[in-house]
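# Observations on the model geometry
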Amino acid sequence: MPLLIFDVIEGRNEAELKTLLDAAHRAVLSAFKVPQRDRYQIVHENKAHHMVIEDTGLDLIRTRNLVVVRVITSPRPEEQKQQFYAELSRELQESCGIEGSDLMVSIITNGKGDWSFGNGVAQYLTGDL
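Residues numbered from 1 in each chain as written. Predicted model: local features only at pLDDT ≥ 70, side-chain atom pairs only at ≥ 80, totals over all residues. Heavy atoms only, no water.

As recorded in an unreviewed UniProt entry, the protein chain goes by the name Tautomerase, listed as coming from Serratia grimesii.

As structure tokens, then:
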């Protein structure tokens with residue numbers, strides 16, 4: 001159950017955001033092998049001057065197409081993470097025209113007891129999931 005939180009510079013229309021979210025979900029499905037309806041995504045739109053995302057000396061060129069993705073998930077093997085980074089970059093390039101240099105991803109890991117999908121229940125712990 002990855003939860004994806006996107007930070008983007010304001011200005012994309014609803015169709016562009018839907019295309020971005022659909023592309024990201026395809027990357028999640030491919031890399032993490034989760035069920036189709038295991039989809040949890042939140043978009044935050046920010047003023048350009050509210051996002052300072054430099055390149056850590058990697059000579060990356062950032063533009064207004066910048067997308068920062070935080071993925072909150074249960075532990076994943078390093079190979080899955082690397083596959084996700086590559087799949088997400090490819091999907092965003094092909095579907096949205098977003099260059100790999102405009103994508104930054106951070107994966108935050110937590111445990112099964114850290115999730116409740118509703119009704120005040122930790123479904124991973126109760127066996128409902």
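With their axes 8 Å apart at the nearest point, helix α1 (residues 14–32) and helix α2 (residues 78–96) run at an angle of 150° to one another. The orientation of α1 relative to α2 falls into the category roughly antiparallel. Judged by the sense of rotation from one axis to the other, the crossing of α1 with α2 is right-handed. Each of T19, L20, A23, A24, R26, A27, V28, S30, A31 and F32 in α1 lies in contact with α2, whose residues at this interface are Q80, K81, Q83, F84, E87, L88, E91, L92, S95 and C96. In the contact of α1 with α2, the residues fall into 11 nonpolar, five polar and four charged. (Axes fitted to C-alpha atoms, helices over the stretch in contact; angles between N-to-C directions. Helix = DSSP H or I, 4+ residues; strand = E, 2+ residues; numbered from the N terminus. Parallel < 35°, antiparallel > 145°, perpendicular 65-115°, else oblique. Left-handed = near helix turned anticlockwise from the far one by under 90°. Contact = heavy atoms within 4.5 Å. Nonpolar A, V, L, I, M, F, W, Y, C, P; charged D, E, K, R; others polar.)

Before going further, it helps to spend a moment on the environment of A122. One can find A122 in the loop between β4 (103–109) and α3 (123–126). Sequence-wise, A122 and P75 are 47 residues apart; in three dimensions their C-alpha atoms are separated by 17 Å. Apart from the residues within four sequence positions on either side, A122 is in contact with W115 and S116.

The next subject is the side chain of K81. Along the chain, the position of K81 falls in helix α2. Those residues in contact with K81 that sit more than four places away from it in its chain are F32, R76 and I107.

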